[in-house]
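Here are the chains, one letter per residue:
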Amino acid sequence: MVKAIVLYNTRTGSTEKVAKKIAEGLDAEYRSNKNIPDLKEYDLVVTGSWVIMGMLSFAGKRYLRKLRRKNIAGKKIALFFTSGSPDDINPFTKDSDNPRTTKQIMFESMENILSKNKDVTILQNRFYCKGIVKMTKKGKVQANPDHPIEEDLAQAKAFGEQLKKQL
Ligand SMILES: Cc1cc2nc3c(=O)[nH]c(=O)nc-3n(C[C@H](O)[C@H](O)[C@H](O)COP(=O)(O)O)c2cc1C
């Protein structure tokens, strides 16, 4: 039987909530970067992180490098991330010669780190959860402590279910 696991790193808990839902859809276990098991028995590793200053955090990079050093040769890898901004546009590249979306930047960084291990297959089936921000009465945006919302979690579960069908 094909076996999957969902791994993630988190700072404030959102990526963990999403990881849990993906795992539910996949019928798989989920573990944080602090508790990565021996991956020998898994065929699919789903891995998630989060955005800081428009890019993958240092903690996220460290985590993925640690994952790369694990026994992941021959495995399929699926990527996901969570972010705070409701927009696709990455504000840090908006005025540059090469404007990019946060989605492009995040998946590319994650893929670059993991694909240094040439034996892995990184699936094109990937997921991201755009953060939800609230407008204050004065018209300013602020982070929503309830992020991710139910709709995000339902989509995360559906992503897990899709991956399961693909296995
Ligand atoms: C210091 C800090 C900087 C952040 N910078 C960004 C950012 O530039 N763009 C963005 O979309 N989200 C940003 N976020 C939001 C997080 O990416 C988002 O809340 C994510 O879901 C956090 O994941 P976690 O709860 O698993 O730690 C930032 C969060 C923090 C704490």
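See the structure printed just above.
The notes below deal with the structure included here.

Thresholds, definitions, all that
- Residues numbered from 1 in each chain as written.
- Predicted model: local features only at pLDDT ≥ 70, side-chain atom pairs only at ≥ 80, totals over all residues.
- Axes fitted to C-alpha atoms, helices over the stretch in contact; angles between N-to-C directions.
- Helix = DSSP H or I, 4+ residues; strand = E, 2+ residues; numbered from the N terminus.
- Left-handed = near helix turned anticlockwise from the far one by under 90°.
- Contact = placed C-beta atoms within 7 Å.
- Nonpolar A, V, L, I, M, F, W, Y, C, P; charged D, E, K, R; others polar.
- Near = placed C-beta within 6 Å.
- Expected span 1.5 Å × (residues − 1).
- Buried ≥ 20, exposed ≤ 12 C-beta atoms within 10 Å, placed from the backbone.
- Arc of directions from axis to C-beta.
- Core = buried A, V, L, I, M, F, W, Y, C linked by C-beta atoms within 7 Å.
- Pairing = 2+ DSSP bridges.
- Right-handed = clockwise from strand over helix to strand, strands pointing away.

What follows covers the packing of helix H2 (residues 58-69) against helix H3 (residues 102-114). What describes two packed helices is the angle between their axes and the distance between those same axes. Put simply, H2 and H3 touch, their axes get as near as 9 Å, and they point 35° apart. Viewed along their axes, H2 and H3 form a crossing whose handedness is right-handed. Residues Lys 61, Leu 64, Arg 65, Leu 67 and Arg 68 of H2 pack against Met 110, Ile 113 and Leu 114 of H3. Considering only residue class, the contact of H2 with H3 consists of five nonpolar, no polar and three charged.

Quick look at the site of the ligand now. Neighbouring the ligand are 17 residues, the closest being Arg 11, Ser 14, Thr 15, Trp 50 and Gly 84. Those elements giving two or more residues to the shell around the ligand turn out to be helix H1 (14-26) and strand E3 (44-52). Among the elements that take part in the shell around the ligand, E3 stands out by supplying three residues, more than any other. Across the shell around the ligand, the residue classes break down as four nonpolar, twelve polar and one charged.

Moving on: the environment of Lys 157. Inspection of the secondary structure puts Lys 157 in helix H4 (residues 150-166). Separated by 130 residues in sequence, Lys 157 and Asp 27 place their C-alpha atoms 9.9 Å apart. Leave out the neighbours within four places in its chain, and Lys 157 touches Lys 21, Glu 24 and Gly 25.

This part takes up H3. Helix length check: H3 (13 residues) gives 18 Å between terminal C-alpha atoms against 18 Å at 1.5 Å per residue, within 8%. Of the positions making up H3, those classed as buried are Thr 102, Met 106, Met 110 and Leu 114. For H3, the angular spread of buried residues about the axis comes to 80°, placing them on one side. Contact partners of the buried residues in H3: E3, strand E4 (55-56), H2, strand E5 (76-82), strand E6 (121-122) and strand E7 (127-129).

Moving on, we come to the environment of Phe 80. Along the polypeptide, Phe 80 turns up in strand E5. Sequence separation of Phe 80 and Met 53 is 27 residues, and the distance between their C-alpha atoms is 17 Å. With residues near it in sequence (within four places) discarded, Phe 80 still touches Val 18, Ile 22, Val 46, Gly 48, Arg 126, Phe 127 and Tyr 128.

This paragraph deals with the nonpolar core. Core analysis: the largest hydrophobic core is formed by 36 residues, its most contacted members being Val 6, Ile 22, Val 46 and Phe 80. Among the secondary structure elements, those contributing two or more residues to this core are strand E1 (4-8), H1, E3, H2, E5, H3, E7 and H4. Not counting chain neighbours up to four residues away, the residues in contact with Ile 22 comprise Val 6, Val 46, Phe 80, Ala 156, Phe 159 and Gly 160.

This part is about the pairing of strand E2 (residues 29-32). Pairing between E1 and E2: four bridges, direction parallel. Looking at E2, one finds that Tyr 8 is bridged to Ser 32. Crossover connection from E1 via H1 to parallel E2: handedness right-handed.

Although it is not a glycine, Asp 27 sits at a positive phi angle of roughly 60°. When you line up the elements, Asp 27 lands in the loop between H1 and E2. Taking the C-beta count within 10 Å as the criterion, Asp 27 has 11 such neighbours and is therefore assigned exposed. Phi angles above zero are rare outside glycine, and Met 53 is one such case at about 50°. For Met 53, a count of 9 C-beta atoms within 10 Å puts it in the exposed group.

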